[in-house]
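Structural description and commentary
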Amino acid sequence: MRKRLLVIGLVILVVGAAMYFAGPYMARGNIVMDQLLPLRNYSELGPGASLQLGVAPPGMGFAVVYNSTPSLPLAVTVNGTGLGEENTSGTFLAVYYNSGPSGVPVALVDNYTSPVSVHYSAAALSVSGIIYSVIFVLLGGILIIVGGITALVGLVLRPRRTDAPAPS
């Protein structure tokens with residue numbers, strides 16, 4: 001029983017570790033970071049001018065990463081509606097999830113009264129793939145804990161004595 005628990009615990013531990021470390025690699029294939037960073041494209045926009053970045057496919061996300069000169073947020077629009085953006089040291093990120101039945105255009109608009117230079121990248125994201133990778137990491141972590149506890153119980157558990165003392 002002791003050896004059996006130890007082996008089962010170690011197998012669960014190894015499977016959990018494999019899932020835990022495979023999760024981020026699954027996400028990498030869905031995030032397409034090599035398309036987003038480094039900022040591959042360059043354009044100059046006049047006041048009020050827009051730049052079409054692509055189409056957000058139905059059921060998928062669409063990410064835009066850019067920096068501009070001067071370092072001010074431009075308007076990232078989807079069908080004319082602005083998106084919220086995050087700023088990290090002058091690099092801006094906007095992500096849109098298209099829950100509609102058809103693709104929608106995504107654009108970058110100079111919402112200032114002076115021209116700007118912009119370096120940017122844009123790519124579609126598979127949100128379901130990212131969710132699956134997060135689930136893999138969480139399940140892997142749980143399996144690591146369960147496998148570790150089972151292996152520990154297998155190590156600590158004392159073997160049963162099979163030889164009973166002779167009756168007197």
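Residues numbered from 1 in each chain as written. Predicted model: local features only at pLDDT ≥ 70, side-chain atom pairs only at ≥ 80, totals over all residues. Heavy atoms only, no water.

Another aspect to go through is the overall build of the protein. Helix and strand content of the protein: 3 helices and 9 strands. Starting at the N terminus and walking to the C terminus, you meet the elements of the protein as α-α-β-β-β-β-β-β-β-β-β-α. For the protein, the proportion of contacts with a sequence separation of at least 24, taken over those separated by at least 6, is 84%. Looking at the protein as shown, the accessible area adds up to about 10500 Å², and 65% of this sits on carbon and sulfur atoms. (Helix = DSSP H or I, 4+ residues; strand = E, 2+ residues; numbered from the N terminus. Contact = heavy atoms within 4.5 Å. Areas by Shrake-Rupley, 256 points an atom, 1.4 Å probe, with all protein chains shown as cover.)

On to a nonpolar patch on the surface, then. On the surface, Ile131, Tyr132, Ile135, Leu139, Ile142 and Val146 cluster together into a nonpolar patch covering about 550 Å² of accessible area. Positionally, Ile142 belongs in helix 3 (residues 127-156). (Patch = residues over 30% accessible without salt bridge, like charges linked within 9 Å, V, L, I, M, F, W, Y side chains within 5 Å. Salt bridge = Lys/Arg side-chain N within 4 Å of Asp/Glu carboxyl O.)

Quick look at the pairing of strand 9 (residues 116-125) now. Pairing of strand 1 (residues 41-45) with strand 9 involves 5 bridges; the strand directions are antiparallel. Within the sheet, the bridge partner assigned to Asn41 lies in strand 9 and is Tyr120. In terms of strand pairing, strand 3 (residues 61-69) meets strand 9 through 9 bridges, oriented antiparallel. Considered in strand 9, the bridge of Thr69 is made with Ser117. (Pairing = 2+ DSSP bridges.)

So, about the sheet that holds strand 1. Across the sheet, 5 strands lie side by side as 1-9-3-7-6; this open sheet has antiparallel pairing. In this open sheet, the two edge strands, each paired with only one partner strand, are strand 1 and strand 6 (86-88). Taken over all neighbouring pairs, the strand axes of this sheet differ in orientation by 30 degrees on average, direction set aside. (Axes fitted to C-alpha atoms, helices over the stretch in contact; angles between N-to-C directions.)

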